[in-house]
Amino acid sequence: MSYTKFVSALARANSGNLKTLRISPGRCRSTVASTKNQEEKEQQMDGCTVVEAVPVELISQSKNFTKTRLNKIHIDFDNTQEAYKSKDNIELLRSLLVFKLCTFDFLVEKNKELMDLSKKLLGQWMFEKMMKMTFYGQFVAGEDHNSIKPLIKKNLAFGVGAVLDYSVEEDLTQEEAEKKEMDSCVSEAEKESPGADHREKKYKAHRQFGDRRGGVISARTYFYADEAKCDNQMETFINCIKASGGASTEGFSAIKMTALGRPQFLLQFSEVLVKWRRFFNLLAAQQGISDMMVLEQKLELEQLKESLSEMGVGAKDDIGNWFTGEKLGLSGTIDLLDWNSLINDTTKMSNLLMVPNLETGQLEPLLNKFTAEEERQMKRMLQRVDILAKHAMENGVRLMVDAEQTYFQPAISRLTLEMQRKFNREKPIIFNTYQCYLKEAYDNVTVDVELSRREGWYFGAKLVRGAYMYQERDRAKEIGYEDPINPDYEATNRMYHKCLEYVLEEIEHSRKANIMVATHNEDTVKYTLEKMNEMGLSPTENKVYFGQLLGMCDQISFPLGQAGFPVYKYVPYGPVNEVIPYLSRRAQENRGFMKGSQRERSLLWKELKRRVQAGQIFYEPAY
């Protein structure tokens, strides 16, 4: 189907009356339930249950499913000798010191001010030395892609790879951040005629939430300045990709979409995608199938033509010509994935930002007009993403696209999906990130898995719990839209395990899905191992990866790595002064993490005592 024809025809539509049909915003996406439909198991935090070795069957990738025998996976997360064999005693003492400091509220709350004061009192050289002996040395690998190589090499020797993450951020005041956000997220048309558009408040910039750093943990934040800065950030990502490719053959590199272009486009395109899904739901309601799960909702083409014709969209015969293509409409029905394909990235960018008005039945521009420069800015973002994907493929690196705020995320996920369709044909190159504290996480995962299954490319996902919870909740409450976050931590855990199980089952069935279990939660890691045991999924197949942050949860990462699992540390790097904003948030995150559990510190003390008793006062890792 020609989207441009669809746009022009709908734009000429007469007014219809759809006021009697209302679609719940929460029903934008849904999917088919997991085939096994099992109850999730509640996991306990007290201690590790060692999995006993019992033979199970491994499903081969070959078509005839040749069966082999595989012992169940055995990992002991209490074995401190294995967990810390890559660390000397000084490193263990540094970890204990840093984790202890993170439990003092005053030090954490005033950490930025204390670091600034230390720099003035000690001077730049001594300040950097002190930071490298404490927080910087614990959580950051080095200043540039050359200085981080020794650490990456050492971790690889103990079975732990790297996801390189250049963590430099601007040290802006709140006022400066708010100004940059409003300048970059508000179009010229909105500035000239405020309130004259049909925008939803969720997808508009609001000054009180312009500083996107507030209430965020474990995530870098980029603010748009100009196109030259985006080009510079793209070059930084390219250097990161090259460094990752030079460090190992199976590396990852992380990128953020908001670093690569004007965020105005992400806001607008997200709103368009959400509104088109609602339009699909409305048409499904007209055909009496709105109560079905979304991927089971199939619009009958003849009824669809009648509905659109009655809305004044065009003549029935003309409408039929829009729903044509290599596969579209051949079955006589259209489902959500077919519907999503009507919006493609080959048209003029501003044409993508047309939305159906559910009250009039007409297709209207999201904004009254776009300047020529705004059109160029939108295209440049897509071009930069494409360049990075090509560099990743050339260097043998997987590209991890980080998740961001929900008002950006639909566009980010769609652009990532387009990259997966293009670059994941032979193997997984592009990985999308799914935040499981979101109510719609399972729907998003399963719809995207179904698209990969239908089109035959490799699905790549990183599962996280999420980094923007406090900010998202405050914004939804203050501005007045539905809170997108699960109600509590237990609900988020259930969502994480539900998404994880679904992707693992897809791996079991086709071996064309890949997942990174990015978590510090030991129970979730054990849950994953249990599922892999049940499915006969071998770690050597490299379909399931594990990920933790550098400097945290070594008792999970290194035993997994030495047992043959593909496990990765998120490895931040950058000059000392320029990663202070990152370190500041890391300290705040660790306060809650360390107050909630004494486990990591107790394991560190246990290993130090063992070495002292064994006479290993000057222990040096051998590799």
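Quick note: structure is the one above.
Only a predicted model underlies this, so the values are computations on that prediction, with no experimental measurement involved.

Caption draft 1: Spatial organisation of the overall build of the chain. A count of helical and extended segments in the chain gives 24 helices and 14 strands. Looking at the chain as a whole, 58% of its 623 residues are labelled buried. The contacts of the chain with a sequence gap of at least 6 include a subset with a gap of at least 24, amounting to 79%.

Caption draft 2: Region of the structure containing the packing of helix α16 (residues 372-394) against helix α17 (residues 409-423). The geometry of α16 relative to α17 is characterised by a closest axis approach of 11 Å and an angle of 40 degrees between their N-to-C directions. Between α16 and α17, the interaxial angle falls into the category oblique. The two elements α16 and α17 meet at a crossing, and its hand is right-handed. Residues M381, L382, V385, D386, A389, K390 and M393 of α16 form the contact with α17, whose own contacting residues are L415, M419, K422 and F423. Each residue belonging to the contact of α16 with α17 can be placed in one class, and the counts come to 8 nonpolar, no polar and 3 charged.

Caption draft 3: Local environment of the sheet that holds strand β3 (residues 160-166). Pairing within the closed barrel is parallel, and its 8 strands lie in the order β3-β4-β9-β10-β11-β12-β13-β14. On average, each strand axis in the sheet is inclined to that of its neighbour by 30 degrees, with strand direction left out of account. Sheet topology places strand β4 (residues 252-255) next to strand β9 (residues 398-401); 4 bridges connect them, and they run parallel. Looking across to β9, one finds that F252 is bridged to R398.

Caption draft 4: Representation of unusual backbone geometry. The backbone phi angle of N542 is positive, close to 55 degrees, even though this residue is not glycine. Its location among the elements puts N542 in the loop between α21 (522-535) and β13 (544-549). A relative accessible area of 34% means that N542 is categorised as partly exposed. Backbone geometry places C553, a non-glycine residue, at a positive phi of 55 degrees. With respect to the element layout, C553 can be found in the loop between β13 and α22 (554-562).

Caption draft 5: Just empty space enclosed by the protein, in detail. The tally for this structure, following the rule as stated, stands at 10 cavities of 30 Å³ or more. For the largest cavity, the calculated volume is near 170 Å³. Around the largest cavity sit 14 residues that line it, and Q409, S413, L438, E440 and N444 are the ones nearest its centre. Looking at the lining of the largest cavity, the elements that each hand over two or more residues are α17, β10 (430-435) and α18 (441-455).

Caption draft 6: Seen up close, α21. Its 14 residues place the ends of α21 20 Å apart at the C-alpha level, agreeing with the 20 Å of an ideal helix rising 1.5 Å per residue. Burial within α21 is extensive, with 12 of its 14 residues counted as buried. For α21, the complete set of buried residues consists of E522, D523, T524, V525, K526, Y527, T528, L529, K531, M532, N533 and M535. Immediately downstream of α21, the backbone of G536 shows phi near 65 degrees, a positive value.

Caption draft 7: How the structure looks around α16. Its 23 residues place the ends of α16 33 Å apart at the C-alpha level, agreeing with the 33 Å of an ideal helix rising 1.5 Å per residue. For α16, the full list of buried residues reads E374, E375, Q377, M378, M381, R384, V385, D386, L388, A389, H391 and A392.

Caption draft 8: Focus on the packing of aromatic side chains. The full count for this structure, using the stated rule, is 13 aromatic pairs. Ring plane angle 85 degrees and centroid distance 5.7 Å describe the contact between Y442 and Y502, whose orientation is recorded as edge-to-face. Here Y502 lies in helix α20 (residues 489-510) and Y442 lies in helix α18, a separation of 60 residues in the sequence. Three or more aromatic residues link up through ring pairs in this structure, and these residues are F252, F431, Y545 and Y568. In this structure, R212 packs its charged tip against the face of F223, placed 4.9 Å from the ring centre. If you follow R475 out to its NZ or CZ, it ends over the ring of Y407, 3.8 Å from the centre.

Caption draft 9: Structural detail: a nonpolar patch on the surface. Where nonpolar side chains cluster on the molecular surface, the patch consists of L117, L121, L122, W125, M126 and M130 and spans about 630 Å² of accessible area. With respect to the helices, strands and loops of the structure, L117 is situated in helix α5 (residues 111-133).

Caption draft 10: Highlighting the packing of helix α11 (residues 263-286) against α16. Across the interface, α11 lies against α16 with an axial gap of 9 Å and an inter-helix angle of 85 degrees. With respect to each other, α11 and α16 are oriented roughly perpendicular. Here Q264, F265 and L266 of α11 lie close against α16, whose contacting residues are E374, M378, M381 and L382. When its residues are assigned to classes, the contact of α11 with α16 shows 5 nonpolar, 1 polar and 1 charged.

Caption draft 11: A look at the nonpolar core. Formed by 48 residues in total, the largest nonpolar core has its most connected members in M257, L266, L388, M419 and I430. Secondary structure elements with two or more residues in this core: α10 (227-247), α11, α12 (301-310), α16, β9 and α17. In terms of residue count, α11 provides more of this core than any other element does, 13 residues in total. Contact partners of I430, with chain neighbours within four places excluded, come to A389, L399, V401, T416, M419, Q420, F423, N424 and G460. Within the second largest apolar cluster, 47 residues are counted, among which are M115, C240, Y568 and V579.

Caption draft 12: Region of the structure containing the environment of T236. Among the secondary structure elements, T236 is positioned in helix α10. For the pair T236 and I255, spaced 19 residues apart in the sequence, the C-alpha separation amounts to 9.9 Å.

Caption draft 13: Spatial organisation of the pairing of β4. Residues F252 and A254 line one face of β4 and the alternating positions S253 and I255 line the opposite face, and both faces are buried. Bridge analysis of β3 against β4 gives 2 bridges, and the strand direction is parallel. Bridging across to β4, V163 finds its partner in F252.

Procedures and definitions
- Residues numbered from 1 in each chain as written.
- Predicted model: local features only at pLDDT ≥ 70, side-chain atom pairs only at ≥ 80, totals over all residues.
- Heavy atoms only, no water.
- Helix = DSSP H or I, 4+ residues; strand = E, 2+ residues; numbered from the N terminus.
- Buried < 20%, exposed > 50% of the residue type's maximum accessible area, 1.4 Å probe, protein only.
- Contact = heavy atoms within 4.5 Å.
- Axes fitted to C-alpha atoms, helices over the stretch in contact; angles between N-to-C directions.
- Parallel < 35°, antiparallel > 145°, perpendicular 65-115°, else oblique.
- Left-handed = near helix turned anticlockwise from the far one by under 90°.
- Nonpolar A, V, L, I, M, F, W, Y, C, P; charged D, E, K, R; others polar.
- Pairing = 2+ DSSP bridges.
- 1 Å grid on protein atoms, 1.4 Å probe; cavity = no way out; pocket = protein on both sides within 12 Å on 5 of 7 lines; lining within 4 Å.
- Points joined across faces, edges and corners; volume = space filled by probe spheres on them.
- Expected span 1.5 Å × (residues − 1).
- Phe/Tyr/Trp six-rings, centres within 6.5 Å; stacked < 30°, edge-to-face > 60°.
- Lys NZ or Arg CZ within 6 Å of the ring centre and 35° of its normal.
- Patch = residues over 30% accessible without salt bridge, like charges linked within 9 Å, V, L, I, M, F, W, Y side chains within 5 Å.
- Areas by Shrake-Rupley, 256 points an atom, 1.4 Å probe, with all protein chains shown as cover.
- Salt bridge = Lys/Arg side-chain N within 4 Å of Asp/Glu carboxyl O.
- Core = buried A, V, L, I, M, F, W, Y, C linked by side-chain atoms within 4.5 Å.

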